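Per-entry structural report
Okay, here's what each chain looks like letter by letter:
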Amino acid sequence: MGRIVDREGVAAASPAVIWTTCFADPTTWPKWDLDVERVEVEDAAAGLREGAKVAFIMKDGGMNCPTLCTDVVENEKFTFSGGFAKGLIKYCGRIVLTPKEGSAEDAPQTHISYSFEMKGFMGTIVAALNSKAVVGGTEKGLENIVKLSEDAQKE
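Residues numbered from 1 in each chain as written. Predicted model: local features only at pLDDT ≥ 70, side-chain atom pairs only at ≥ 80, totals over all residues. Heavy atoms only, no water.

**Digging into the overall build of the protein**
Our working rule: Here a helix means four or more residues in a row that DSSP labels H or I, a strand means two or more in a row labelled E, and each is numbered from the N terminus. For the radius of gyration, the atom set is restricted to C-alpha positions; the globular benchmark scales as 2.2 Å times the number of residues to the power 0.38. Categorising residues by exposure relies on relative accessible area from a 1.4 Å probe, with only protein chains included: less than 20% of the type maximum marks a residue as buried, more than 50% marks it as exposed, and the intermediate range marks it as partly exposed. Between two residues, a contact is recorded if the distance between any of their heavy atoms is within 4.5 Å. In short, Shrake-Rupley with a 1.4 Å probe defines the accessible areas, and a residue's cover is counted only from the protein chains shown.
Within the protein, the secondary structure is distributed over three helices and seven strands. Taken from N to C terminus, the helices and strands of the protein fall in the order β-α-β-β-β-β-β-β-α-α. Expected size for 155 residues packed as a compact globule is a radius of gyration near 15 Å; at 15 Å, the protein falls within 12% of this value. For the C-alpha atoms alone, the extent of the protein along its principal axes is close to 50 × 35 × 25 Å. By the burial criterion, 39% of the 155 residues in the protein qualify as buried. Within the protein, contacts between residues at least 6 apart in sequence are counted, and of these 51% link residues at least 24 apart. When the accessible surface of the protein is summed, it comes to about 8,200 Å², and 54% of that surface belongs to carbon and sulfur atoms.

Next comes the structure, spelled out in structure tokens:
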């Protein structure tokens, strides 16, 4: 088992707006994940879908991190997972969007759950040595998702 970071927030935006703004097109993910320089997508026209293969090109060192998207349910949830360093470092992230009880169409509220885990033989060590960066990256990613989504909802 690796280092898991679980964070939750609420956005004044609908799940559809959050999905369209932040997740539907993986090439736009660097807007909310500031550790990523760019995302290369095997089939960019298809967008985020079950089995989508993407590669995160990281800002720090330009590392190429092949990633598979699974458990994709539009406007609801998805998981991204992959690894690098010949599989010694693995990672898994999960986003879940849930409309808040009592949320109205004209005043939407969506609960966002974002979890990120580093695992594998070296992943656990890397996460421990870079705990502040892993936690901070997850928290900043969630903060960016909320802000981008709320801004889009206002448009």
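**Some remarks on the layout of surface pockets**
Quick note on the threshold: Detection works on a 1 Å grid of protein atoms alone, calling trapped sets that fit a 1.4 Å probe cavities and calling open sets with protein on both sides within 12 Å along at least five of seven lines pockets, with lining residues defined by an atom within 4 Å of a point. Grid points are joined across faces, edges and corners, and a volume is the space filled by probe spheres set on the points. In this classification, the charged set is Asp, Glu, Lys and Arg, the nonpolar set is Ala, Val, Leu, Ile, Met, Phe, Trp, Tyr, Cys and Pro, and all remaining amino acids, among them Gly, are polar.
Taken as a whole, the largest pocket spans an internal volume of roughly 640 Å³. As for the largest pocket, its lining consists of 22 residues, and the residues nearest its centre are Asp35, Met58, Phe84, Phe116 and Met118. Among the elements that make up the lining of the largest pocket, the one with the highest residue count is helix 3 (residues 131-154) (four residues). Class assignment for the residues of the lining of the largest pocket results in 15 nonpolar, three polar and four charged.

**Observations regarding the state of the cysteines**
Here is the idea: a disulfide is a covalent bond, and it sits between the sulfur atoms of two cysteines. In plain terms, the rule: Note on disulfides: each one is a pair of cysteine sulfur atoms within 2.5 Å.
For the structure on display, the rule yields zero disulfides. The closest cysteine sulfur to the non-disulfide-bonded Cys69 is located on Cys92, 11 Å from its own sulfur. With a relative accessible area of 0%, Cys69 lands in the buried category.

**A closer look at the packing of aromatic side chains**
The following threshold applies: Ring pairs are drawn from Phe, Tyr and Trp, using the six-membered ring of Trp, whenever the two centres fall within 6.5 Å, and their geometry is named by plane angle: stacked under 30 degrees, edge-to-face over 60, tilted for the rest.
Per the counting criterion, the structure on display carries 14 aromatic pairs. Seen in terms of ring centroids, Trp32 and Tyr114 are 5.9 Å apart; in terms of plane orientation they differ by 80 degrees. Their pairing is edge-to-face. Highlighted residues: Trp32 in the loop between helix 1 (15-23) and strand 2 (36-41) and Tyr114 in strand 7 (residues 110-119), separated in sequence by 82 residues. With respect to burial, Trp32 and Tyr114 carry one shared label: buried. Counting every residue linked through ring pairs, the aromatic cluster contains Trp19, Phe23, Trp29, Trp32, Phe56, Phe78, Phe80, Phe84, Tyr91, Tyr114 and Phe116.

**A short note on the environment of Asp6**
Considering the arrangement of structural elements, one finds Asp6 in strand 1 (residues 3-11). Sequence separation of Asp6 and Ala85 is 79 residues, and the distance between their C-alpha atoms is 25 Å. For Asp6, the contacting residues outside a window of four places in its chain are Tyr114 and Ser115.

**Some remarks on the pairing of strand 4 (residues 64-73)**
Convention followed: Any two strands between which DSSP finds at least two bridges are classified as paired.
Where strand 3 (residues 53-58) and strand 4 come together, five bridges link them in antiparallel fashion. Bridging from a neighbouring strand, Ile57 pairs with Asn64 of strand 4. Where strand 3 folds back on strand 4, the antiparallel hairpin that results is connected by five residues, among which Gly61 adopts a positive phi of roughly 85 degrees. Two elements, strand 4 and strand 5 (residues 77-84), share five bridges in a ladder whose sense is antiparallel. Looking across to strand 5, one finds that Val73 is bridged to Lys77.

**A closer look at the nonpolar core**
Threshold: Buried Ala, Val, Leu, Ile, Met, Phe, Trp, Tyr and Cys residues form a nonpolar core when they are joined through side-chain atoms within 4.5 Å.
Membership of the largest hydrophobic core comes to 35 residues, with the highest contact counts inside it found for Phe23, Trp29, Phe56 and Phe78. Sort the elements by how many residues they give to this core and helix 3 lands first, with five residues. When neighbours within four sequence positions are excluded, Phe78 is seen to be in contact with Trp19, Phe23, Trp29, Leu48, Thr70, Asp71, Val72, Gly93, Arg94 and Ile95.

Treat this as a map of the structure, not an account of what it does.
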